[in-house]
Amino acid sequence: MPLYQIISATSQPCALAGRQTHVIGVSTAIVGGERRRWSMTEIVKALNNCDVFYTVSHREKSVALVELTCCVHCQRIFLRSRANAAPDSRLEQLPPCPPTT
Ligand SMILES: [Zn+2]
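Residues numbered from 1 in each chain as written. Predicted model: local features only at pLDDT ≥ 70, side-chain atom pairs only at ≥ 80, totals over all residues.

Caption draft 1: Here's a closer look at the overall build of the protein. Broken down by element type, the protein carries one helix and six strands. Secondary structure elements of the protein, listed N to C terminal, follow the sequence β-β-β-α-β-β-β. Over its C-alpha trace the protein gives a radius of gyration of 13 Å, about what one expects of a compact globule, namely 13 Å for 101 residues. Its C-alpha atoms give the protein principal-axis dimensions of roughly 40 × 30 × 30 Å. Taking as baseline every contact in the protein between residues at least 6 positions apart, the subset at least 24 positions apart corresponds to 49%. (Helix = DSSP H or I, 4+ residues; strand = E, 2+ residues; numbered from the N terminus. Rg over C-alpha atoms; globule rule 2.2 N^0.38 Å. Contact = placed C-beta atoms within 7 Å.)

Shown next, in the form of structure tokens:
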């Protein structure tokens, strides 16, 4: 069961509810250093395979899992931190993914 630490997240505003944003892609760090960029399709597939994605709170020295959810406005599937995530480990607090080359 692979574990992936999310280090950056790509989000887009909701098409129907302007102030909401949806995380629709992430980059992960693998122990050993290699980064990987994930699309939503790849994330959904990995989660279905019981792979685990998490974020790290450096302040609270804890980890938080992420989960899929569906927007009540636009019905889009996106990623969010679980409710118990420390504030500094929430997906919205992560830097944006670097542009792809
Ligand atoms: Zn939406």
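Caption draft 2: The arrangement of the pairing of strand β5 (residues 62-70) in detail. Pairing of strand β4 (residues 52-57) with β5 involves four bridges; the strand directions are antiparallel. What sits directly across from Tyr-54, in β5, is Leu-65. Joining the antiparallel neighbours β4 and β5 is a turn of four residues, in which Lys-61 adopts a positive phi near 50°. Judged from the five bridges that link them, β5 and strand β6 (residues 77-81) form a sheet pairing that is antiparallel. Bridge pairing links Glu-67 to Arg-80 in β6. What sits between β5 and β6 in their antiparallel hairpin is a turn of six residues, with Gln-75 showing a positive phi close to 70°. (Pairing = 2+ DSSP bridges.)

Caption draft 3: Spotlight on unusual backbone geometry. A positive phi angle is found at Cys-50, which is not glycine, with a value near 70°. Mapped onto the elements of the fold, Cys-50 is located in the loop between α1 (40-48) and β4. Positive phi is not limited to glycine here, since Lys-61 has a value of about 50°. You can see Lys-61 is positioned in the loop between β4 and β5. A residue is classified by how many C-beta atoms lie within 10 Å of it, and Lys-61, with 8 of them, is exposed. (Buried ≥ 20, exposed ≤ 12 C-beta atoms within 10 Å, placed from the backbone.)

Taken by themselves, the reported measurements are silent on function.
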